Every structure is written in C-alpha cells, then in structure tokens.
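Chain by chain, the residues:
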Amino acid sequence: MDFVGSHILSVDQFARGDIDRLFAVADALAPFARRERITRVLQGAILSNMFFEPSTRTRVSFGCAFNLLGGDVRETTEVKSSALAKGESLHDTARVLSGYSDVIVMRHPQEGSVAEFATASRVPVINGGDGANEHPSQALLDLYTVRQEIRARGRTMDGLRIAVVGDLKFGRAVHSLLKLLALFEGISVNLVSPPGLEAPSDVVSVLSNAGHEAGVYHDLGDGIHHVDILYVTRTQEERFASPEEADRYRGLFRVNEAIYTEHCEPNTVIMHPLPRDSRAQAQELDEDLNANPNLAIFRQTDNGVVVRMALFAMILDVVDQVHDHARPVTWYTARRTPSGLGTRS
Ligand code: NCD
C-alpha cells in the first residue's frame, strides 16, 4: 500500500512488505522516541485527536508521537462536549475537523464509524478503535513488540506460537492482531476463551485460510502450553448488554506467576494491550508477575509511541526529512535503555 495520504482503518490494508517498511521507519525513529534527539519535521502540522470512548495510552501516545515529530495536537475527548451531542452527523463533523487539521485519529464506540467518518474527511484518518471491530495501531505496536521480543530470544516471526486469552469476542485489539499475524508463515494460535467469548469466525478464517493453525481452548492451562507469546486481554465489559452479563465472565481466567510457571516455558513473553483490570474480581493478569522479566506490557506501551510516530511520518510523507530537522536533546532526560533490551521493566 501507499501510506502517503492514506486512511488507516483496518489491518486488512497491509501486506507483509508494508509492515516491514513501517517497522524499519519505527526503528529509525527510536532515538527520537527515547529523547536522545529531537526533530521538528512536523512543525506547523495539527493532529485532531478525537476520542469518544475512554482511553489513556492510545490517546496520549498518539499525541506524544505527533509532538515528538514537532506537530501540535488538538483533543476532543467526549461526545457530550462535541457537536455530535447536538445531533451533528459524523459526515459534517469530519468535514469541519478536516478543515482544521492535517490528520485525525478517532476512537468511537460504534463499529464502522471511523470508516464512515473517513469518507467525509479531506485529511487522513487513523482508526483508534471502532467498537468491537478493529484497533489497527494497537495491533501494529503489538506486532512490533512480538518481533522485538522474539528476536531477542533468537527466534523469527515465522513459526511463532501464540496464545491469546480472554474476551476474544469483543476484543478489537485481538481481532486486528490475529489478522496481522496471518501475514507471516506457519503461525500457530491458541484461541483461549470462556465458552461464549470465542473469536469471531471471520477473524479465525483469515488465519485458517492462510494455512495457519488456530485451535480453540476453553481451559486456560491447556491453552497456554508451549507458546512463545502469551497475550492476555480484559473482559470488554462496556460491550456487553448489561454489567451482570459481563460479571459472568470476569475473573474466569487469571494468569498469575503460579499458572505461568506451571504451564509456560521459562522465556514465554507475557503481553496485554492494557488496561489490565486490577479489581479483585477480575485480575486477568496478576501483579505478582510484575517482576518477571518476560512481562513485556510496558515495553508494548513504550513501543506505541515509536510505531505511531512511524505511521504519522509515512502518512504525511516526511520520512526522508526527519533527520534534516533534528538536533540533540539539551535538557536533562532520564536515559532509557531501548525497549526490550537492558532493563526489563
Ligand atoms: C484496548 C482497547 O481500547 O481496545 N486498549 C488499548 O487501546 N490499549 C484494550 C482494552 O481496552 O481492553
């Protein structure tokens, strides 16, 4: 695909070569994400960050990524504080906002809403999550993390064994990730969920049609045996018809140090798109794993910045100009080791 000027609405847009190009740009931008150098390549550009559902890391990391490239960010974070609450259509909102900005990131509770919005936008739109459908940028940062972790363990993406655990029905991050994994060779996926929260058949078909193994498990221990990656997710309570219905599933699968040690390999990577639900009745990923060096959840969140920087740089066609606008950082900065290397926290 041609990234320049494109909307990013679904991972269906990507071929494997597109992923390789995006990740190469992300690798090149890592010194800027780590505050070793600054660049002003997007000085004067404006991002409209439109979040009509709760978000911490997606919203803030998109904003930071744009700022780190030198651009400015305008935020709208609630339907009730936007004209959508007065009955304005997505079409009209898109026409208006695209007159104010160079690129738009949008999250919305309705599936397909971001694509609808994009049809009326005059600038590129990135899907920050549309209902239970897709979350492409999360899947890209997850895949970037998987690649980094797997390489650090001397393995390649092809032949990867991964277990995805939890609410596979409503988890949009999982839907996008599974479809992206299908672009590689010989992937084996264990789909581990309580009965009733299985992954949608169209998502599973993408894997099986590409010749990958996709096994369904309803038992946590069976499902997480012999995997390279253990990807845990939260019960998406906001997508259920009622809180009582979500309560039936909450806390059914809890990954903790004891379960991990019993069923996983000593270097199985532990991932989660976050937020993890740390309330007593949930705890799908226990804090007793916090000191485990294979816990990659905060390496994932760090990677969210650099992968989103790469998306902006490619969509706005400034990849080749980044270094012309760069200089060293002069302020004190707590030096970070590159994600995935050195300190594992
Ligand atoms: C995910 C989402 O919003 O889909 N969060 C995120 O963006 N990192 C996963 C979730 O909310 O459970």
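An account of the accompanying structure is given in this report. Quick caveat, the model's predicted, so the values are computed rather than measured. (Residues numbered from 1 in each chain as written. Predicted model: local features only at pLDDT ≥ 70, side-chain atom pairs only at ≥ 80, totals over all residues. Heavy atoms only, no water.)

**Some thoughts on the overall build of the protein**
- Along the backbone of the protein there are eleven helices and eleven strands.
- Rg of the C-alpha trace for the protein: 20 Å, near the compact-globule value of 20 Å for 345 residues, within the 12% margin.
- The principal-axis extent of the C-alpha atoms belonging to the protein is close to 55 × 50 × 40 Å.
- The 345 residues of the protein split such that 55% are buried. (Helix = DSSP H or I, 4+ residues; strand = E, 2+ residues; numbered from the N terminus. Rg over C-alpha atoms; globule rule 2.2 N^0.38 Å. Buried < 20%, exposed > 50% of the residue type's maximum accessible area, 1.4 Å probe, protein only.)

**What to know about the site of the ligand**
- In the vicinity of the ligand, the residues found are Arg-57, Thr-58, Arg-107, His-135, Gln-138, Arg-172, Arg-234, Gln-236, Pro-273, Leu-274 and Pro-275.
- Between Leu-274 and the ligand, the recorded distance is 2.9 Å, taken from a backbone N or O atom to a nitrogen atom.
- In isolation the ligand exposes 320 Å². Once the protein is present, 94% of that is buried.
- Taken together, the residues of the shell around the ligand sort by class into three nonpolar, four polar and four charged. (Near = heavy atom within 4 Å. Polar contact = N/O pair within 3.5 Å; in protein donor to acceptor, adjacent residues only side chain to side chain. Areas by Shrake-Rupley, 256 points an atom, 1.4 Å probe, with all protein chains shown as cover. Nonpolar A, V, L, I, M, F, W, Y, C, P; charged D, E, K, R; others polar.)

**A few points about the sheet that holds strand β8 (residues 213–217)**
- Pairing within the open sheet is parallel, and its five strands lie in the order β8-β7-β6-β9-β10. At either margin of the open sheet sits one strand with a lone partner, and together these are β8 and β10 (269–271). Direction aside, the axes of adjacent strands within the sheet are offset by 15 degrees on average.
- Pairing of strand β6 (residues 161–165) with strand β7 (residues 188–192), which is carried by five bridges, proceeds in the parallel orientation. Looking at the pairing, Arg-161 lines up with Ser-188 of β7.
- The strands touched by helix α6 (residues 172–181) within the sheet are β6, β7 and β9 (229–232), with β6 carrying the most contacts at an inclination of about 165 degrees. (Pairing = 2+ DSSP bridges. Axes fitted to C-alpha atoms, helices over the stretch in contact; angles between N-to-C directions. Contact = heavy atoms within 4.5 Å.)

**Topic: the packing of aromatic side chains**
- Under the criterion given, the structure shown has six aromatic pairs.
- Measuring from centroid to centroid gives 6.0 Å for Phe-3 and Phe-14, while their planes differ by 25 degrees, and the two rings are stacked. On the criterion of sequence distance, the pair formed by Phe-3 in the segment before α1 (16–33) and Phe-14 in the segment before α1 is long-range, its members being eleven residues apart.
- Taking relative accessible area as the criterion, Phe-3 reaches 2% and is therefore assigned buried.
- Summarising the aromatic geometry, the rings of Phe-23 and Tyr-144 are spaced 5.0 Å apart at their centres and angled 75 degrees between planes, so their arrangement reads as edge-to-face. Here Phe-23, found in helix α1, pairs with Tyr-144, found in helix α5 (residues 136–152); they are 121 residues apart in sequence, far enough to count as distant. Per residue, the accessibility class of Phe-23 equals that of Tyr-144, and both read buried.
- Each residue in the set Phe-62, Phe-66 and Phe-312 is aromatic and connected to the rest through ring pairs, giving one cluster.
- The aromatic ring of Phe-62 is capped on one face by Arg-308, whose charged end is 4.6 Å from the ring centroid. (Phe/Tyr/Trp six-rings, centres within 6.5 Å; stacked < 30°, edge-to-face > 60°. Lys NZ or Arg CZ within 6 Å of the ring centre and 35° of its normal.)

**Description of the sheet that holds strand β4 (residues 103–108)**
- Judged by pairing direction, the sheet is parallel, and its four strands sit side by side in the order β3-β2-β4-β5 without closing on themselves. Taken across any chain shown, the strands that pair with only one partner, and hence form the sheet edges, are β3 (72–76) and β5 (125–130). Sheet twist, expressed as the average angle between the axes of neighbouring strands with direction ignored, equals 15 degrees.
- When β4 meets β5, the two strands line up parallel, connected through four bridges. From the neighbouring strand, Val-105 faces β5, where its bridge partner is Ile-126.
- Of the strands in this sheet, β2 (46–51), β3, β4 and β5 touch helix α2 (residues 57–68), which is tilted by about 180 degrees from β2.
- Across the sheet, helix α3 (residues 90–98) lies against β2 and β4, angled at about 150 degrees from β4, the strand it touches most.

**Details of the pairing of β9**
- Every second residue of β9 is oriented toward a common face, with Ile-229 and Tyr-231 on one face and Leu-230 and Val-232 on the other, all of them buried.
- Sheet topology note: the β6/β9 ladder contains four bridges and is parallel. By the bridge assignment, Ala-163 is partnered in β9 with Leu-230.
- Across three bridges, β9 lies against β10 in parallel orientation. Its bridge partner lying in β10, Leu-230 is registered against Ile-270.

Coordinates in, geometry out; function isn't part of it.
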